[in-house]
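# Chain and residue survey
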2 protein chains.
Amino acid sequence: MLRAGRLELFALPAFPLVSAGDDLAAMIVVSAAESDIGIADGDVIAIAQKVVSKAEDRFVDLASIEPSARALSLAQATHKDPRLVEVILGESRRVVRSKLEVLIVEHRRGYVMANAGVDQSNVGRSGEGEYALRLPEDPDASAAALCSSISKRTGKRIAVVINDSFGRAWRVGTVGVALGVAGLPSIVDKRGSLDLYGRTLQATIIGFADEVAAAASLVMGQADEAWPVVVIRGLEWSAPPLPASSLIRPAVDDLFR
Amino acid sequence: MLRAGRLELFALPAFPLVSAGDDLAAMIVVSAAESDIGIADGDVIAIAQKVVSKAEDRFVDLASIEPSARALSLAQATHKDPRLVEVILGESRRVVRSKLEVLIVEHRRGYVMANAGVDQSNVGRSGEGEYALRLPEDPDASAAALCSSISKRTGKRIAVVINDSFGRAWRVGTVGVALGVAGLPSIVDKRGSLDLYGRTLQATIIGFADEVAAAASLVMGQADEAWPVVVIRGLEWSAPPLPASSLIRPAVDDLFR
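Numbers given to residues run from 1 along each chain, matching the order in which its sequence is written. Following the order in which they are written, the chains are lettered starting with A and the ligands numbered starting with 1. Per-residue local features of the predicted model are confined to residues with pLDDT of at least 70, and side-chain atom pairs are confined, for both listing and counting, to 80 or more; whole-chain, interface and lining totals are unaffected and use all residues.

### Details of the overall build of chain A
A count of helices and strands for chain A gives six helices and 12 strands. Counting all 257 residues of chain A, 51% fall into the buried class. Once C-beta atoms are placed from the backbone, any two residues with those atoms within 7 Å are in contact. By sequence separation, contacts in chain A at least 24 residues apart represent 61% of the contacts at least 6 residues apart. The helix and strand labels rest on DSSP assignments: H or I over at least four residues marks a helix, E over at least two residues marks a strand, and numbering proceeds from the N terminus. Each residue is classified by how many other C-beta atoms fall within 10 Å of its C-beta atom, where C-beta atoms are placed from the backbone; a count of 20 or more means buried, 12 or fewer means exposed, and values in between mean partly exposed.

Set out below in structure tokens:
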């Protein structure tokens, strides 16, 4: 009987709701220990951006926002809340495209994405007022801190992917992408490898961490955000770690910006 | 002890090389039966585009190709083999972008992708001459035929995803995408669902089959193409099946074409 290569993904069950200031690494370690999963050497832990943002208190109270003239004008064009547009612009370098109900920007960290990742859904904060939730200040730094803290608490060599869902040019629907990465290669450069027939591969750089994020997204669910942490077991790589910023195509090389 | 949600991916081991005319469904059923995996109700079987194209004999003998004036000119601009460019143009509706070593087209089935998916790497055909390999004629039809044949042979209710790797606008690296789908929803529309706080989700369509393809791609490997078939176990969905053509954004809605 031949044994197959195997990759397993486990959503941590009954993960508690995350609030500003929570020690997310500790919560993950406790939740993994209380389940039948645990944390093992080589595990990759995928964490939904929203719970990282919540723990880092990236909330903005919309009542405190005074929209600029530019935000008012964009809000009219997109039919969005002008205060939300103001928060989005504050997180962005520039607007890439806008139209009715669409606002695609270049986030200050370089991600080309809708609404700069600013979100009103699934954002509760003590149940009062209207809040928006921004992306973590520096997702690669957040991933590194979570990776280090989880490793220290468990004594295990792990990697962390903070994932989000992005829309795409040309294709319908969002897919999981890696916003922050620690301990694994965000991209894997296969150029120069040989194929099965001994030909040299010309142009294969793999968006490895984005594929990890997409896989994790399959088990996280979306609407109910019940499983924000996924343990991925059995993943192998040989390339050195690279942060998620490596996944951002430099504007100068980008034919579609 | 809480039991976690679980998704498992198994690469079928020692999958034989595929040649034109091979019965790929039969090969998958035999290979799964000879491994410790088997095929079970609810399994999703991800199959690399290349082996589907090979089984369907989508080879083109480059010696038979006479490049047009347009192919010659594009070949010069992109530094590609003019015969290969001629094959690419034959598979395309139009060129979206071209520059040195880059030729992004709209494939006749609507995919915006590099080189219309025409590939010279990992393509062996009796070891003589130079061949290019095109995408399956109709990937959704191929997926439906494979799904039906595997279901009949095993008596199991399964789904099939034919996956490929596409580059993206804005981001570095390729990721697995679904080229053909049968038996599962390529996209899942969450609009109208409630989030944890009872808010209605505004704009969440999930590229479900693309996430499945990306996950499968993690275990397929790339350069050596040793594991072209991956069995995915534990995936759940409630939306009705939709072919992979649903993942193609209509040109009229596309802000980046």
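Having put the structure on the table, let's press on.
### Comments concerning the packing of helix α3 (residues 69-78) of chain A against helix α4 (residues 82-90) of chain A
Each packed pair of helices is defined by two parameters, the angle between the axes and the distance between the axes. Residue and element names in this part refer to chain A. In this analysis, axes come from line fits to C-alpha atoms, helices being fitted only over the stretch in contact, and the angle between any two N-to-C directions falls in the range 0 to 180 degrees. It is at 8 Å that the axes of α3 and α4 come closest, and there the two elements cross at 115°. Every pair of crossing elements has a handedness; the one defined by α3 and α4 is right-handed. Along its contact with α3, which presents Arg70, Ala71, Leu72, Leu74 and Ala75, the element α4 presents Pro82, Val85, Glu86 and Leu89. Amino acid classes used here: Ala, Val, Leu, Ile, Met, Phe, Trp, Tyr, Cys and Pro are nonpolar; Asp, Glu, Lys and Arg are charged; the rest, including Gly, are polar. Looking at the contact of α3 with α4 residue by residue, the classes come out as seven nonpolar, no polar and two charged. By convention the crossing between two helices is left-handed if the near helix lies anticlockwise of the far one by an angle smaller than a right angle, and right-handed if it lies clockwise.

### Here's the deal with the sheet that holds strand β2 (residues 44-48) of chain A
On the basis of which strands lie adjacent, the open sheet formed by 10 strands has the order β9(A)-β8(A)-β2(A)-β12(A)-β1(A)-β1(B)-β12(B)-β2(B)-β8(B)-β9(B) and mixed pairing. Either end of the sheet is taken by a strand with one partner, and the two such strands are β9 (175-182) of chain A together with β9 (175-182) of chain B. Strand-to-strand twist of the sheet, defined as the mean angle between neighbouring strand axes without regard to direction, takes the value 25°. Between any two strands, at least two bridges found by DSSP are needed for them to pair. Here β2(A) pairs with strand β8 (residues 159-166) of chain A via five bridges, running parallel. Looking at the pairing, A:Ala46 lines up with A:Val161 of β8(A).

### Describing helix α6 (residues 208-220) of chain A
All names here are of chain A. To estimate the expected span of a helix, subtract one from its residue number and multiply by 1.5 Å. In a regular helix each residue adds 1.5 Å, so 13 residues correspond to 18 Å; α6 covers 19 Å between its end C-alpha atoms and thus fits that length. Counting buried positions along α6 gives 13 out of 13 residues, so the element sits mostly inside the fold. One or two steps after α6, the chain reaches Gly221, where phi turns positive at roughly 70°.

### Some points on the environment of B:Val30
Tracing the backbone through its elements, the reader meets B:Val30 in helix α1 (residues 24-34). Along the primary structure B:Val30 and B:Trp170 are separated by 140 residues, whereas in three dimensions their C-alpha atoms are 41 Å apart.

### Things to note about the nonpolar core
Buried together is how nonpolar side chains tend to be arranged in soluble globular proteins. We define the nonpolar core as any set of buried residues of the types Ala, Val, Leu, Ile, Met, Phe, Trp, Tyr and Cys, connected via C-beta atoms lying within 7 Å of each other. Among the nonpolar cores identified, the biggest contains 160 residues, and A:Val161, A:Val212, B:Val161 and B:Val212 are the most heavily contacted of them. Not counting residues within four places of it along the chain, the set of residues in contact with A:Val161 comprises A:Val44, A:Ala46, A:Ala143, A:Ala178, A:Val181, A:Ala209, A:Val212, A:Ala213 and A:Ala216.

### A closer look at the sheet that holds strand β4 (residues 92-99) of chain A
All names here are of chain A. Reading across the sheet, the three strands line up as β4-β5-β6 and stay open at both edges, with antiparallel pairing between neighbours. The open sheet terminates on both sides in strands that have one partner only, identified here as β4 and β6 (112-114). Here the average twist between neighbouring strands, direction ignored, is 30°. Of the strand pairs in this sheet, β4 and strand β5 (residues 102-107) are connected by six bridges, and their pairing is antiparallel. Its bridge partner being in β5, Arg97 is matched across the sheet by Ile104.

### Digging into unusual backbone geometry
At A:Ala116, a position not held by glycine, the phi torsion is positive, near 55°. Considering the arrangement of structural elements, one finds A:Ala116 in the loop between β6 and β7 (131-133).

### Focus: the pairing of strand β1 (residues 5-11) of chain A
In the sheet, β1(A) pairs with strand β1 (residues 5-11) of chain B via seven bridges, with the strands oriented antiparallel. Its bridge partner being in β1(B), A:Phe10 is matched across the sheet by B:Arg6. Relative to strand β12 (residues 229-233) of chain A, β1(A) runs antiparallel, the two being bridged by four bridges. Paired with A:Phe10 across the bridge in β12(A) is A:Val231.

### Observations regarding the packing of α6(A) against helix α6 (residues 208-220) of chain B
Where α6(A) contacts α6(B), the two axes come as close as 8 Å, and the packing angle between them is 125°. Between α6(A) and α6(B), the angle falls in the class oblique. Judged by the twist between their axes, the crossing of α6(A) over α6(B) is left-handed. Every residue of α6(B) that contacts α6(A) at A:Glu211, A:Val212, A:Ala214, A:Ala215, A:Ser217 and A:Leu218 is listed here: B:Glu211, B:Val212, B:Ala214, B:Ala215, B:Ser217 and B:Leu218. By definition in this entry, angles of less than 35 degrees are roughly parallel, angles greater than 145 are roughly antiparallel, angles of 65 to 115 are roughly perpendicular, and the rest are oblique.

### Here's the deal with the environment of A:Ala182
For A:Ala182, the location among the structural elements is in strand β9. Discounting chain neighbours no more than four positions away, the residues touching A:Ala182 are A:Ala143, A:Ala144, A:Cys147, A:Ala159 and A:Val160.

### Looking at the pairing of β9(A)
Residue and element names in this part refer to chain A. Most of β9 sits out of view: eight of its eight residues are buried. Across seven bridges, β8 lies against β9 in antiparallel orientation. Each residue of the ladder has a partner; that of Val160, found in β9, is Ala182.

### Structural notes on the confidence of the model for chain A
The predicted coordinates should not be examined in detail at positions where pLDDT is low. Across chain A, the average pLDDT comes to 90, with 89% of residues at or above 70. Model confidence for the complex is summarised by a pTM of 0.93, with the ipTM given as 0.93. A residue's pLDDT is the predictor's confidence in that residue, given on a scale from 0 to 100.

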